[in-house]
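The primary structure of each chain is shown beneath.
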Amino acid sequence: MSKVFVDLGVSVDGFVAGPNARPGNPLGDGGPLIHRWMYQTAGFVRNLGLKGKGRTGPDNDIVEAVTARCGSFVMGRRMFDEGEVGWPENAPFHGPVYVLTNDAREPWVRPGGTTFYFVTDGLASTLSQAREAAGEKDVRIAGGADVVRQCLAAGVVDELHLHIAPLLLGKGVKLFDGPLPERSELEVAQVVDSPGVTHVSYRIVK
Ligand SMILES: NC(=O)c1ccc[n+]([C@@H]2O[C@H](COP(=O)([O-])OP(=O)(O)OC[C@H]3O[C@@H](n4cnc5c(N)ncnc54)[C@H](OP(=O)(O)O)[C@@H]3O)[C@@H](O)[C@H]2O)c1
């Protein structure tokens, strides 16, 4: 059955972006260091249509596994605003992306199969559209922190995948910085250690 999963890079002190994140400064000051492990992987290079082949290995296996399972994506408006100016013509999602926002806008169709749909009638509607579009595949909650917290608080997340970068950012956009369920139990599903990152996957006990 189709799953809803969160997949995020975080610093050891729990930030998903550094300070001053905005369009033109995506992920904020120092924030791109969170994803340093990912930038050279073959899957990332291919998804962004970059030159070169990229590296294979355990980090790339994780990127490829995530790419293969995604049938649709959900993201917040602030994540979209940062990406809109920085993503290349060939946006990296190659599928439907549902952007939670309060500003209505026509769908934005990109070459390479990515279409951004702007949903203004709330989380439940967004998830329902994303689930339907995903079919047998899974729905990835891509971020940012606000949208991830809402999904966790609503109890709709099946799996939480954190890629923990060996980095203290000190300031920025904190993942767990707002309302969450009073208590959630998680099961460790997988831990993959590599020199540049620790990948930890949890199943959320419902
Ligand atoms: N490290 C990672 O893996 C990772 C992944 C993704 C993003 N990020 C970073 O995370 C940061 C953004 O996170 P964030 O927490 O600030 O913001 P966000 O979750 O990306 O977006 C929040 C915005 O989405 C809209 N929104 C959210 N819920 C809504 C609802 N229920 N109904 C209508 N609109 C809703 C609102 O925008 P409006 O009211 O303005 O329309 C809200 O201000 C960025 O810096 C990005 O680079 C990091």
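As a reminder, the structure under discussion sits directly above these lines.
These notes cover the structure that comes with them. Here the residue numbering is sequential within each chain, running from 1 through the sequence in written order. Reporting in this predicted model follows two pLDDT cut-offs: at least 70 for local features of residues, and 80 or more for side-chain atom pairs to be given and counted; totals over whole chains, interfaces and linings ignore these cut-offs and use all residues. Hydrogens and water are ignored here; the side-chain numbers use all heavy atoms of the structure.

Some points on the pattern of salt bridges
And then number 1: A pairing counts as a salt bridge when a side-chain nitrogen of Lys or Arg comes within 4 Å of a carboxyl oxygen of Asp or Glu. Applying the stated rule across the entire model yields 11 salt bridges.
And then number 2: In this structure, Glu84 engages Arg105 in a salt bridge whose closest nitrogen and oxygen atoms are separated by 3.1 Å. With Glu84 in helix 4 (residues 77–86) and Arg105 in the loop between strand 4 (96–100) and strand 5 (108–109), the pair connects residues that are 21 residues apart, well separated along the chain.
And then number 3: A simple rule labels every residue: compare its accessible area, found with a 1.4 Å probe on the protein chains alone, to the largest value its type can have, and call it buried under 20%, exposed over 50%, or partly exposed in between. Among the residues examined, Glu84 registers a relative accessible area of 27% and is labelled partly exposed.
And then number 4: Arg105 sits in the partly exposed class, given a relative accessible area of 35%.
And then number 5: A salt bridge links Lys206 to Asp158; the nearest nitrogen and oxygen atoms lie 3.1 Å apart. Within this pair, whereas Lys206 is found in the segment after strand 11 (197–204), its partner Asp158 is found in the loop between helix 6 (145–153) and strand 8 (159–165), the two being separated by 48 residues in sequence.
And then number 6: If you follow the salt bridges from partner to partner, you end up with Arg69, Asp138 and Glu159 in one network. Under the scheme used here, helices are H or I runs from DSSP no shorter than 4 residues and strands are E runs no shorter than 2 residues, and both carry numbers assigned from the N terminus.

Section: the packing of aromatic side chains
And then number 1: Within 6.5 Å between ring centres, the rings of Phe, Tyr and Trp (the latter by its six-membered ring) count as paired, and their orientation is classed by plane angle as stacked under 30 degrees, edge-to-face over 60, tilted in between. According to the stated counting rule, one finds 10 aromatic pairs in the structure shown.
And then number 2: With a centroid separation of 6.0 Å and 90° between ring planes, the pair formed by Phe80 and Trp108 is classed as edge-to-face. Of the two residues, Phe80 is situated in helix 4 and Trp108 in strand 5; the sequence distance between them amounts to 28 residues.
And then number 3: Judged by centre distance (5.8 Å) and plane angle (10°), the ring pair of Trp87 and Phe116 falls under stacked.

A closer look at the site of the ligand
And then number 1: Think of it this way: one heavy atom of a residue within 4 Å of a molecule or strand is enough to make that residue near it. Near the ligand there are 22 residues, and of these Arg78, Glu82, Thr101, Asn102 and Gln150 occur at the shortest range.
And then number 2: Polar contacts, as counted here, are pairs of nitrogen or oxygen atoms within 3.5 Å of one another; within protein the pair requires one atom able to donate a hydrogen and one able to accept it, and residues that are adjacent in sequence qualify only if both atoms are side-chain atoms. Contact between the ligand and Val16: a nitrogen atom at 2.9 Å from a main-chain N or O atom of the residue.
And then number 3: Per-residue accessibility takes into account occlusion by the displayed protein chains alone, with areas from the Shrake-Rupley method and a 1.4 Å probe. Alone, the ligand offers 950 Å² of accessible surface; in the complex the protein occludes 85% of this.
And then number 4: Of all elements in the fold, only strand 1 (4–11), strand 2 (15–17), helix 4, strand 7 (138–143) and helix 6 reach the threshold of two or more residues within the shell around the ligand.
And then number 5: Grouping the amino acids of the shell around the ligand by side-chain chemistry returns 10 nonpolar, 8 polar and 4 charged. All residues other than Ala, Val, Leu, Ile, Met, Phe, Trp, Tyr, Cys, Pro, Asp, Glu, Lys and Arg, Gly among them, are scored as polar; the first ten of these are nonpolar and the last four charged.

What about the pairing of strand 4?
The two faces of the sheet receive side chains in turn, since in a regular strand these alternate between them.
And then number 1: Buried residues dominate strand 4, accounting for 5 of its 5 residues.
And then number 2: Alternating residues of strand 4 divide into Pro96, Tyr98 and Leu100 and Val97 and Val99, and every residue in both groups is buried.
And then number 3: Strand pairing requires that DSSP identify at least two bridges connecting the strands. Here 4 bridges tie strand 3 (residues 70–76) to strand 4, and the two strands are oriented parallel to one another. Within the sheet, the bridge partner assigned to Met75 lies in strand 4 and is Val99.

Observations regarding the side chain of Ser11
And then number 1: By the secondary structure assignment, Ser11 is in strand 1.
And then number 2: The exposure class of Ser11 is buried, given its relative accessible area of 1%.
And then number 3: Within polar-contact distance, the side chain of Ser11 engages the side chain of Asp13 at 2.6 Å.
And then number 4: Any two residues whose heavy atoms approach within 4.5 Å at even a single point are treated as in contact. Among residues more than four places away in sequence, those in contact with Ser11 are Ile34, Ile164, Ala165, Leu167 and Leu169.

Overview of the sheet that holds strand 7
And then number 1: Taken in spatial order, the 9 strands make up an open sheet running 5-6-4-3-7-1-8-11-10, and their pairing is mixed. The strands lining the two open edges of the sheet, one partner per strand, are strand 5 and strand 10 (186–194).
And then number 2: In terms of strand pairing, strand 1 meets strand 7 through 3 bridges, oriented parallel. Its bridge partner being in strand 7, Val6 is matched across the sheet by Ile141.

Some words on the nonpolar core
And then number 1: Core analysis: the largest hydrophobic core is formed by 26 residues, its most contacted members being Val74, Ile141 and Leu175.
And then number 2: Those elements giving two or more residues to this core turn out to be strand 1, strand 4, helix 5 (123–134), strand 7, helix 6 and strand 8.
And then number 3: Top contributing element to this core by residue count: helix 6, with 5 residues.
And then number 4: Think of a nonpolar core as a cluster: buried Ala, Val, Leu, Ile, Met, Phe, Trp, Tyr and Cys residues, connected wherever their side-chain atoms sit within 4.5 Å. In this structure, Val66, Cys70, Val97 and Phe116 belong to the second largest nonpolar core, which totals 13 residues.

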